[in-house]
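Results of the structural survey
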Amino acid sequence: METFIHQVVAGIATGGVYASLALALVMIYQSTHHINFAQGEIAMFATYLAWTLINAGLPYWVAFFGTVILAFSLGVLIQRVIIRPVENAPVLNVVVVFIGLLVILNSMAGWIFTYTIKAFPSPFPKEPPFGLSFISSHELGSIGVTLVLLVMLYSFFRFTPLGLAMRAAAQNPVSSRLVGIRVGWMLALGWGLAAVLGSIAGMMIAPVVFLEPNMMSGVLLYAFAAALVGGIDSPGGAVLGGFLVGILENLLGAYVIGTELKLSVALVLIVTVLTIRPAGLFGKVIVTRV
Amino acid sequence: MNKRHMILGSVAIAAATALTPALAQKKYDSGASDTEIKIGQTMPYSGPASAYGTIGKIEAAYFRQLNDQGGINGRKINFISLDDGYSPPKTVEMVRKLVEQEEVLLLMGTLGTPPNSAIHKYVNSKKVPHLLLSTGASKWNDPKGHPWTLGFNPSYSSEGRLYAQEILRTKPNAKIAVLFQNDDYGKDYLNGFKDGLGDKAKSMIVAEASYEVSDPTVDSQIVTLKGSGADTFFNVTTPKFAAQAIRKADDIGWKPTHYLNNVSASVGSVLKPAGLEKSVGLVSMVYIKEGNDKRWDNDPAMMDFKALIKKYAPEVSPDDGNATNGYAIASLMAHILRLAGDNLTRENIMKVATSLKDYQIPMALPGVLASTSADDFALFQTMQLARFDGTMWVPFGKPQSVR
Amino acid sequence: MTLLKTTDGSPAQQLPWLQIVVVMVAACALPFFLSNYHVFQASMVLSTAIALVGLNILTGYSGQISLGHGAFLAIGAYTTAILMDKFDVPYWATIPVAGLVCLIAGFLFGLPALKLEGHYLALATFALAVALPQLLKFRHLESWTGGVQGIVILKPDPPITSLLGLTLNSDRWLYFVALFVTVAMYWFAWNLLRGRIGRALIAIRDQPTAAALMGIDTSLYKSLAFGVSALFTGVAGSLSAILVAFVAPDSFTVFLSITLMVGMVVGGLTSLAGALYGAAFVQFVPNLADQISKAAPWAIFGTLLIVLMIVLPGGISGGLNLLWSKLGRRSVSV
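Rules used throughout
Each chain has its residues counted from 1, following the order in which its sequence is written. Written order decides the labels, with chains lettered from A and ligands numbered from 1. Reporting in this predicted model follows two pLDDT cut-offs: at least 70 for local features of residues, and 80 or more for side-chain atom pairs to be given and counted; totals over whole chains, interfaces and linings ignore these cut-offs and use all residues. We count a stretch as a helix when DSSP gives it H or I for four or more residues in a row; a strand needs E for two or more, and each element gets its number in order from the N terminus. Here the globule rule reads 2.2 Å times residues to the power 0.38, and the radius of gyration is calculated from C-alpha atoms. Around each residue's C-beta, the other C-beta atoms within 10 Å are counted; 20 or more make the residue buried, 12 or fewer make it exposed, and counts in between make it partly exposed. All C-beta atoms are placed from the backbone. Contact between residues is assigned whenever the C-beta positions, reconstructed from backbone atoms, fall within 7 Å. Nonpolar cores are built from buried Ala, Val, Leu, Ile, Met, Phe, Trp, Tyr and Cys residues. These are joined into a set through C-beta atoms within 7 Å. Here the expected span of a helix is defined as 1.5 Å times the quantity of residues minus one. Residues are grouped as follows: Ala, Val, Leu, Ile, Met, Phe, Trp, Tyr, Cys and Pro are nonpolar; Asp, Glu, Lys and Arg are charged; every other residue, Gly included, is polar. For each domain, the first and last residues come from an automatic or database assignment. Pairs of strands are assigned from DSSP output, requiring at least two bridges between the strands. Interaxial angles span 0 to 180 degrees and are taken between N-to-C directions of axes, which are lines fitted to C-alpha atoms, for helices over the stretch in contact. In these notes the angle categories are as follows: under 35 degrees is roughly parallel, over 145 is roughly antiparallel, 65 to 115 is roughly perpendicular, and the rest is oblique.

Let us now look at the overall build of chain C. Tallying secondary structure elements over chain C gives 14 helices and four strands in all. Relative to its length of 334 residues, chain C is compact, with a C-alpha radius of gyration of 20 Å against a globular reference of 20 Å. Summarising its shape, the C-alpha atoms of chain C cover approximately 50 × 50 × 45 Å along the three principal directions. Burial analysis of chain C (334 residues in total) assigns 57% to the buried set. The long-range fraction of contacts in chain C, counting pairs at least 24 apart against all pairs at least 6 apart in sequence, stands at 75%.

At the junction of the two partners, chain B supplies 34 residues and chain A supplies 32 residues. Those elements that provide at least two residues to the side of chain B that touches chain A are helix H2 (53-68), strand E8 (205-211), helix H8 (219-227), helix H9 (239-251) and helix H10 (267-274) of chain B. Ranked by residue count, the leading element in the side of chain B that touches chain A is H8(B), at six residues.

Residues and elements named next belong to chain A. By size, the foremost hydrophobic cluster in this structure holds 353 residues, and its most contacted members are Ala22 and Leu23. The dominant element in this core, judged by the number of residues it contributes, is helix H8 (residues 183-209), at 18 residues. Every residue in contact with Ala22, bar those within four places of it in the chain, is listed here: Ala223, Ala226, Ala227, Ala238, Val239, Gly241 and Gly242.

It is worth spelling out H2(B) at this point. An α-helix turns once every 3.6 residues. As a result, residues three or four positions apart point the same way. Residue and element names in this part refer to chain B. For H2, which comprises 16 residues, the first-to-last C-alpha distance of 23 Å matches the rise-based estimate of 22 Å (1.5 Å per residue) to within 8%. A large share of H2 lies buried, amounting to twelve of its 16 residues. For H2, every residue scored as buried is listed here: Gly53, Thr54, Ile55, Gly56, Lys57, Ile58, Glu59, Ala60, Ala61, Tyr62, Phe63 and Leu66. Of the surrounding elements, those touching the buried residues of H2 are strand E2 (36-43), strand E3 (76-83), helix H11 (300-312) and helix H12 (321-340). Gly70 occupies a position one or two residues after H2 and carries a positive phi of about 115 degrees.

Okay, the interface of chain C and chain A next. Across the boundary between the two partners, chain C contributes 33 residues, which contact 35 residues of chain A. Going through the elements one at a time, helix H5 (118-137), helix H11 (254-267) and helix H13 (297-311) of chain C are the ones with two or more residues in the side of chain C that touches chain A. When residues of the side of chain C that touches chain A are assigned to their parent elements, the largest contribution, ten residues, is made by H5(C). Of the residues belonging to the side of chain C that touches chain A, the class tally is 25 nonpolar, six polar and two charged.

Okay, the domain arrangement of chain B next. All names here are of chain B. Partitioning chain B into structural domains gives domain 1 (28-154 + 296-372) and domain 2 (157-286 + 386-401). The straight-line distance from the C-alpha centre of domain 1 to that of domain 2 is 29 Å. Listed per partner, the contact involves 14 residues of domain 1 and 15 residues of domain 2. For the side of domain 1 that touches domain 2, the elements supplying multiple residues, two or more each, are helix H4 (113-125) and H12. Counted by class, the side of domain 1 that touches domain 2 contains six nonpolar, six polar and two charged residues.

This part is about the environment of Tyr312(B). Residue and element names in this part refer to chain B. The topology assignment puts Tyr312 in helix H11. Judged by C-beta crowding, with 17 C-beta atoms within 10 Å, Tyr312 ranks as partly exposed. Residues Tyr312 and Ala60, 252 residues apart in the sequence, show an inter-C-alpha distance of 9.1 Å. The contact partners of Tyr312, leaving out residues within four places of it in the chain, are Ala61, Arg64 and Gln65.

Once that is clear, we can look at unusual backbone geometry. Leaving glycine out, the prevailing phi sign among residues is negative, and the prevailing peptide bond configuration is trans. At Thr114(A), a position not held by glycine, the phi torsion is positive, near 65 degrees. Position of Thr114(A) among the secondary structure elements: in the loop between helix H4 (91-113) and helix H5 (137-159). Accessibility expressed as a C-beta count within 10 Å gives 22 for Thr114(A), which makes it buried. The backbone of Lys127(B) sits at a positive phi, close to 55 degrees, despite the residue not being glycine. Relative to the assigned elements, Lys127(B) resides in the loop between H4 and strand E5 (130-133).

In this section: the sheet that holds E2(B). Residue and element names in this part refer to chain B. Here five strands make up an open sheet; going across it, the order is E3-E2-E4-E5-E6 and the pairing parallel. The two strands at the open ends of the sheet, each matched to only one other strand, are E3 and strand E6 (149-151). This sheet shows a mean twist of 20 degrees between the axes of neighbouring strands, independent of strand direction. The sheet contacts of H2 involve E2 and E3, and relative to E3 the element is tilted by about 165 degrees.

Before going further, it helps to examine the environment of Lys127(B). All names here are of chain B. Residue class for Lys127 comes out partly exposed when judged on the 13 C-beta atoms lying within 10 Å of it. Spatially, the C-alpha atom of Lys127 lies 9.5 Å from that of Thr149, the residues being 22 residues apart in sequence. When neighbours within four sequence positions are excluded, Lys127 is seen to be in contact with Trp148 and Arg346.

Residue and element names in this part refer to chain A. Of note, Met44 is situated in helix H2 (residues 39-55). The exposure class assigned to Met44 is buried, which follows from the 30 C-beta atoms found within 10 Å. Setting aside chain neighbours within four positions, we find Met44 in contact with Ala109, Gly202, Pro213, Met215 and Met216.

Closest axis-to-axis distance for the helix H1 (residues 2-32) of chain A/H8(B) pair is 9 Å, and the angle between their directions is 170 degrees. Compared by their axis directions, H1(A) and H8(B) come out roughly antiparallel. Facing H1(A), whose interface residues are Thr3(A), His6(A), Gln7(A), Ala10(A), Gly11(A) and Thr14(A), H8(B) presents Asp219(B), Ser220(B), Val223(B) and Gly227(B). Partitioning the contact of H1(A) with H8(B) into residue classes produces two nonpolar, seven polar and one charged.

So this is what it looks like as structure tokens:
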């Protein structure tokens, strides 16, 4: 029984990792209607920037906020320079651009920082919380950070005029321009914010999985699955999806099918969920009228 | 000049030629000449195994330094290392390019079991020396079937057997948990380990968990293994996952007798990120010197290595286990080439490589000798167990012979 | 040659025979002018081109996205390997079997999966690509698949060692095998697409609701498209297994599936000739990038991808079409 709880908690902890990256995916989707496959690499690269700042001697929180600002600029820059020229291109062209971006960032990170793993510090205390043995303070803390970000993201889109403008720009750029929304800058803002979310996700993930250029490739698949299972336009759904995927993966591996097939079975289950509820658990079903 | 003089003269010249050492007779196969020796290699500089690219980097640096110092027997080494991304079809393409287009003399240090499996038949049919493979699969030691292939890494399955025997000796009633990477490398270790335990394997191994290279963490597997009640842990993971496993085990309060595979035994690249205090008590097999081991601070090979890094590969950390590994391989290759002298035919290179007698590779631990013979191509005949004391690996017991 | 489109987009029923003959003569002469290594590379390009044609049928003509076609390459390759290794089936006989196996597998996968749209389908196919290597390594299937070790195949020898006075070694022979299969598959694709099925697929892609209203069984056709595209990819996988003479789970990573998709888009969607351009791109450009920069070759590759997408949104074939039309020719699209 103790192991079971342990597995569930470990699943929640890994799930938190997926959830945080899934939030960034949702962010970019809600503001641009694209799923950015390079999101993981942007997060990884931002984490390396943080690592560089920390290694240069800056205290953690200074490096943290410095990275957030750098990540924002990076996101905006990428949108303006690379994404804008293909804004109106067919979806697949945009996907290829994302792949190109992914490959560039991965390659650059490997070149500049080498492929050896690096330890990344955690802002949370080393001792486990309340003396519990099955979760570390960091894991608990990063789940907390993810939830805070979730609330902030949700409130931003739901309650602020800027969030509304961003959603409008993504859904209907033509009409948005007519009402005076600067669509171009909304998209750039979306990318910037998504990069910020990604960078925070990266800084929360790196202490657990160790920083290296391929750090996010495994996470991206699960984050993608989590975002879709939860509903690609629902931040809360994505986070919940992340936790569900984490727990599911752990329990499958530990109790049902063994570790050798857990990846396949987890994915089969996810796809099955999607065939039953095509818009995800909490997504909005879009009905096209003829 | 009369006939007698001419005959005497000819005999004299003939005798002089016959008595002159073979130095006068240079023999080359493609890739070798008076001025250069071409060596080919494939390495995963990109893709999931890119961390091992450092090995190739250091090998290239070693040869650059060697060339700057005059080369080997007056010849420069032209080291061509191509990226195969750990993908066997790409390896086939790149190796064919090296052999057929670049016409290298030999292949050195090609990395990875699947990539090497893909070219195994090809290089043997083309009779190209396939030397010092960076993989420990046992199938490279096959003098009869594949006489042109000679691996470098100590055999994974032998190492697994070593740990099994150690466990049988020290803790015959141990309850063992195994974590392994779900690929040829992980399974090789696991099979050797089970072989070593023999009939007791089924009863002693109480839990097995695998992971994929694409998994983000192995935390869940560690939780499962702890939950099995095992008191001994055989950890067959590559560096990133090894660090995660060590840290997680410590975090959840699981303190088994922990056997770590040599692939991830680097203090600098694995134990330090994981946490040195968390790694105390780990048992592994060691055969190459480590950069952060104070014992070697004044060791000539180590000092040369550190100078090499500083000048030719400053982005690499001297504590990186892959770096010293690459240095050892390159230096052994240089040694073989030196011994071959001016007879740089592929056949002769193989002859030299398969008749090494107790050669102490400078970067290998003292006493770890390289020996090969016509019916045994395994370089390392003995393995040394060591325990981590918080700062370095301390050897214990005698080097044990392995097959 | 798209063989499909004239400037107004309607399917062309005629083949540009002159161009085809020229290309075929060049293709047949090629192996006698190139080194064995380059012939091998050319054969790999042909095999990839077949896979891209398959992917194009699915994505370009039928509008379904797939990020997992590497899985069908794997199934085709392993079918060939297992048949050759365990059952001593001659290599050429394994190719149609591999295609058939993939047709069935693709159709079966398509039935449930194609209820999903867009991103969700992408995820489902992505999941397939990720899960398949794990299945190949599964220990209970090890005796068939060779598990993590993979399967080594014997490279076939040519049945005739010389043709019209020119020597035929193993590489050249396999090149001709690949060429034959490629031509056969292209012919098959062309016939398929210019007929009723092709029009149905295009209708489903462009106006799915209208197509359904007109009585086209969209699910059936979509699953069929998936199955057929899997068939093509399976044949390609089978060929590549014979050429490389080795299969292992590590040969079929997710990155392979992504490379296929990239190749298709770069070559040009809805262009059969584009498949060749795309295949050549993914085969040779990474090698070129490696020669340009040893430090970060993939960064160069990625940059090239982005630049291509910005400058040539229709892919290479789209770009060539533009060039042709600027030069004033009648556009039988290339």
